[in-house]
Amino acid sequence: MMYDVLTSQTPDLLAALHETWPGVAELLDEVNAEQSLETRLGRLRHIGSLWYAQGGVAEVLVEVGMHLASHLHMSQGLVVSELMLAFGAAQEEQRTREWEARLLARAAELDGLHRIISAANSTLDLDTSLQTVVETVAQVVEVEACSVYLYDKHRDELVLRAAHGLNRAAVGQVVTRLGSGVTGWAAQLGHPVAVRDVWQEPRFNIEPQLGEETFRSMLAVPVVLFSAERYQFSADKLQGVISVQTVGPRDFAQEEINFVEVAAGELAFFIANAQLYQQTDERLHQKLRELTTLQQVSKSIAEQVGLRDVLNLIAAKAVELAQADRANIFQMNEDGALGLVASYGGAGEGVRDFIFQAVRDSRPLAVMNAYQDARFPELAAVAEREGFHSLFCMPLRARERTIGGICLYKHEPHLFDYEQVRLLSTFADEAAIAIENARLFDESQRALAVKSALLQEMHHRVRNNLQTLSALLAMQLRRMEPHTQGAKALRESAARVQSIAAVHNLLSREDVGVTTVDAVTRHVIDSAQTTLITSELPVQFVAMGDRVKVGSRDATVLALVINELISNALTHGLATEGGRIEIEARLADGMVTVEVRDDGPTHPQPDRTGHSSGLGLQIIETLVSDDLGGTFQLRRDADGHWMRASVQFPQRMHDE
């Protein structure tokens, strides 16, 4: 109708412009009033721009220019060209602004996608990345609210995991079923659902916890692992739904829907990767728990903890790591019967007769449902009594022979998978090692007790023989003059025999193969007081120092050395009027030091009528260097009060 009016006669056209477009009519009046050509041309260009801005048609503008040229007595070509040039310039300027707006929108979308991808690549924390996604999508699409629901495949429901513009306290609390509400509808369909006004949509359900009563429009886009165009949509590909909402009604443009779909596609891959990482992380933690548990079990076995405690620990850890409900460990006795030695999660050994054949044949036994297994018709009564459905038994083998079995039980029908069987096999090996170690330990303890008794009896008999020999020497000594060289030699020999006998006497009563320097010293002193000391020459003995342990071989040699040192002190330093002898033992850095000192330098020296043979010192040096692997020193103090004989050798608790 406007075109018909504007293409009528000139007075009608100008009148119509004054009525419909006052701004254009005002400019026409200014053109009429101006006489300057340049000013008129400027006004004409302004009219052309305003005509486009107000939605005028180019054809009508040409007619207006032709009528206006006649009215102004100007060239039609000049007037029409000025009007159309301005109209075209305004049109191009508008197009340029539109392209700029589109480019800015695309730039914002690319920036948003970049932030989404960066969030996905920068962390494996799903909640943090989802929050970045909803904030970015809301900013790019210019909406007031955005939320992400993740699909729980096991419970077949959507759970709110991130929200922007909504009540964030509802995250993790709001749950919706597939097909319920706009969000569940989009998840069920597998493609975007856009609703201009949710108040007019019967499928829309208001969630009070979210505070979404003020929102009108909604766009829900499913998050699927593969695009719906290339693959048939199915629930196993669904990862979740991303939704955007606005306060006022809104028709979402296709570009906006496309952007949200692209964001959902990126989110789908990230969710899948995060879930795979979580599953891998859980498996790694499971492996770590298994290794830690096995290390604890191995440590308990290595520490020789009681067999029953170790087996109970194995049973408990097998239940925990294999996710079973109960575990039993059976041991095969010497008569071939199975006996329950450990259990966890419940009592009962009714399966013993059923697993006996499998254990004896060294093969695993799996029973998925004890109530329906045709191999064992009587097992149903045992399962009902003890409260289990499934059973798995693994034989225990050690040194190529079967020594028992370990059984796992489940309250419901269950097929034990490869991981559980592998884990049970490992626990079976540990239990077999524990049982075998306990058996070997018991055997070694019995063998040690027998050998200890034999060694003590041997030391006892050697001591008796040495005492007999010493008695024979004493009888011979009584037939000789006391001060002759022969009598002296017999006394020294008797003292040496008594020293060795004293050591064997110690070893026949104490721990096999072990005694102390103090005990050896005291027995040697007792022997010396009997055989080497007379009533005319009183000598005071003092034993002191650390309680140093030595082996049986070193003890015998050390007794001879101490006896020779005492004999040497009595012969030289204390031969005139007696005196004091101190024997001290010390242990430092694995080296044993025995010092025998006498105060002979403070007493008168005896008259020497003959030359000493030095046999005693030769015996000492040979015994210390060859038998003890040590060193010997003999020195006098600087102040001249003590003569010190020092023996040092490495401590050896057991004979080589």
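Here is a short report on the structure shown in this document. The residue numbers shown here count from 1 along each chain, following its written sequence. Whole-chain, interface and lining totals are the exception, using all residues; otherwise, since this is a predicted model, local features are given only for residues with pLDDT of at least 70 and side-chain atom pairs are given and counted only at 80 or more. Excluded from the side-chain calculations are hydrogens and water; all other atoms, namely the structure's heavy atoms, are used.

## Thoughts on the overall build of the protein chain
Argument step 1. Looking only at helices and strands, the protein chain features 17 helices and 18 strands.
Argument step 2. When accessible area is computed with a 1.4 Å probe and restricted to protein chains, residues below 20% of their type maximum are described as buried, those above 50% as exposed, and intermediate ones as partly exposed. Counting only residues that meet the buried cut, the protein chain has 44% of its 656 residues in that class.
Argument step 3. Contacts are assigned to residue pairs with any non-hydrogen atoms lying within 4.5 Å of each other. Long-range pairs, those at least 24 residues apart, make up 62% of the contacts in the protein chain with a sequence separation of at least 6. Every helix listed is a DSSP run of H or I at least four residues long, and every strand listed is a run of E at least two residues long, numbered separately from the N terminus.

## Structural notes on the packing of aromatic side chains
Argument step 1. Aromatic rings from Phe, Tyr and Trp, with only the six-membered ring used for Trp, were paired whenever their centres fell within 6.5 Å, and each pair was classed as stacked if the ring planes differed by under 30 degrees, edge-to-face if by over 60, and tilted otherwise. One pass over the full model with this rule turns up 3 aromatic pairs.
Argument step 2. Ring plane angle 65 degrees and centroid distance 5.0 Å describe the contact between Phe388 and Tyr409, whose orientation is recorded as edge-to-face. Pair noted here: Phe388 is in the loop between α12 (379-386) and β10 (390-398) and Tyr409 is in strand β11 (residues 401-410), with a separation of 21 residues, a long-range link. Across this residue pair, the class does not change: Phe388 and Tyr409 are buried.
Argument step 3. Between the NZ or CZ atom of Arg326 and the centre of the ring of Tyr409, over which it lies, the distance is 4.0 Å. Lysine NZ or arginine CZ positioned within 6 Å of the ring centre and within 35 degrees of the ring normal marks a charge as sitting over the ring.

## Examining helix α4 (residues 37-53)
Argument step 1. Every helix has an expected span of 1.5 Å times one less than the residues it contains. The terminal C-alpha atoms of α4 lie 24 Å apart, and with 17 residues this matches the ideal 24 Å at 1.5 Å per residue to within 8%.
Argument step 2. All of the buried residues in α4 are Arg40, Leu41, Leu44, Ile47, Gly48 and Trp51. End-on view of α4: buried residues confined to an arc of 115 degrees, all on one side of the axis. Facing away from the buried side of α4, by more than 90 degrees, are the exposed residues Glu38 and Ala53. The arc in question is formed by the directions pointing from the helix axis toward the C-beta atoms.

## A few points about the sheet that holds strand β4 (residues 193-195)
Sheet strands line up and pair through hydrogen bonds in the backbone, either parallel or antiparallel.
Argument step 1. Two strands qualify as a pair provided DSSP detects at least 2 bridges between them. Across the sheet, 6 strands lie side by side as β3-β2-β1-β6-β5-β4; this open sheet has antiparallel pairing. In this open sheet, the two strands that pair with only one neighbour each are β3 (175-177) and β4. Here the average twist between neighbouring strands, direction ignored, is 25 degrees.
Argument step 2. Strand direction decides the pairing type here: β4 and strand β5 (residues 217-224), joined by 3 bridges, are antiparallel. Looking at β5, one finds that Val193 is bridged to Ala220.
Argument step 3. Angles run from 0 to 180 degrees between N-to-C directions of axes, and those axes are lines fitted to C-alpha atoms, restricted for helices to the stretch in contact. Helix α7 (residues 126-141) contacts β1 (145-152), β2 (157-164) and β6 (238-246) of the sheet and is inclined by roughly 65 degrees relative to β2.

## Considering the side chain of Glu157
Argument step 1. Locating Glu157 in the fold gives a position in strand β2.
Argument step 2. Given a relative accessible area of 6%, Glu157 falls into the buried group.
Argument step 3. Throughout this description, a polar contact denotes any pair of N or O atoms lying within 3.5 Å of each other; where both atoms belong to protein, one of them has to be capable of donating a hydrogen while the other can accept it, and for residues adjacent in sequence the pair is counted only when both atoms sit in side chains. Polar contacts involving the side chain of Glu157 include one to the side chain of Arg155, which spans 3.0 Å.
Argument step 4. When near neighbours in sequence (up to four residues on either side) are disregarded, Glu157 contacts Leu150, Tyr151, Asp152, Val175, Thr176 and Arg177.

## Some words on the nonpolar core
Argument step 1. Ranked by size, the top nonpolar core spans 36 residues in total, and within it Ile566 and Ile581 carry the most contacts.
Argument step 2. At the level of elements, α15 (517-531), β13 (539-545), α16 (552-571), β15 (579-588), β16 (591-598), α17 (615-627) and β18 (643-650) are the ones that each hand at least two residues to this core.
Argument step 3. When residues in this core are grouped by element, the largest group, 11 residues, is from α16.
Argument step 4. What Ile566 contacts, discounting residues up to four positions off in sequence, is Val524, Ile525, Ala528, Phe541, Ile581 and Ile583. Buried Ala, Val, Leu, Ile, Met, Phe, Trp, Tyr and Cys residues that are joined via side-chain atoms within 4.5 Å together make up what is termed a nonpolar core.

## Some details on the packing of helix α3 (residues 22-33) against α4
Argument step 1. The interhelical angle for the contact between α3 and α4, taken along N-to-C directions, is 170 degrees, at an axis separation of 9 Å. In terms of orientation, α3 and α4 fall into the roughly antiparallel class. Counting all contacts with α3, which are made through Gly23, Val24, Leu27, Leu28, Glu30, Val31 and Asn32, the residues of α4 involved are Arg40, Arg43, Leu44, His46, Ile47, Leu50 and Trp51.
Argument step 2. Amino acid classes used here: Ala, Val, Leu, Ile, Met, Phe, Trp, Tyr, Cys and Pro are nonpolar; Asp, Glu, Lys and Arg are charged; the rest, including Gly, are polar. For the contact of α3 with α4, the per-class residue count stands at 8 nonpolar, 3 polar and 3 charged. If an angle is under 35 degrees, it is roughly parallel; if it is over 145, roughly antiparallel; if it lies from 65 to 115, roughly perpendicular; otherwise it is oblique.

## Observations regarding the pattern of salt bridges
Argument step 1. Should a side-chain nitrogen of Lys or Arg be within 4 Å of a carboxyl oxygen of Asp or Glu, the pair is scored as a salt bridge. Tallied over the full model, the rule gives 22 salt bridges.
Argument step 2. With a closest N to O distance of 3.4 Å, Lys410 and Glu412 form a salt bridge.
Argument step 3. Since its relative accessible area comes to 9%, Lys410 is described here as buried.
Argument step 4. Judged by its relative accessible area of 38%, Glu412 falls in the partly exposed class.
Argument step 5. With its nearest N and O atoms 3.0 Å apart, the salt bridge here joins Arg522 to Asp518. Taken together, the positions of Arg522 and Asp518, both in helix α15 and 4 residues apart, correspond to about one turn of that helix.
Argument step 6. Taking the relative accessible area as the measure of exposure, Arg522 reaches 43% and is therefore partly exposed.
Argument step 7. Relative accessible area serves as the criterion here: at 28%, Asp518 is assigned to the partly exposed category.
Argument step 8. One network of salt bridges, with partners in common, ties together Arg580, Glu582, Glu584, Arg586, Glu595, Arg597, Arg635, Asp637 and Arg644.

## Describing unusual backbone geometry
Argument step 1. With phi around 60 degrees, Glu142 is a residue other than glycine that occupies positive phi space.
Argument step 2. Locating Glu142 in the fold gives a position in the loop between α7 and β1.
Argument step 3. Positive phi, normally seen in glycine, also occurs at Asp156, with a value near 55 degrees.
Argument step 4. Considering the arrangement of structural elements, one finds Asp156 in the loop between β1 and β2.

## Remarks on the sheet that holds β16
Argument step 1. With respect to topology, 5 strands assemble into an open sheet ordered β13-β15-β16-β18-β17, the strand pairing being mixed. The sheet terminates laterally at β13 and β17 (631-636), the two strands that pair on one side only. Taking each pair of neighbouring strands and ignoring which way they run, the sheet shows an average axis angle of 15 degrees.
Argument step 2. Looking at chain direction, β16 and β18 are connected through 8 bridges and run antiparallel.

Bear in mind that shape data such as this cannot, by itself, settle questions of function.
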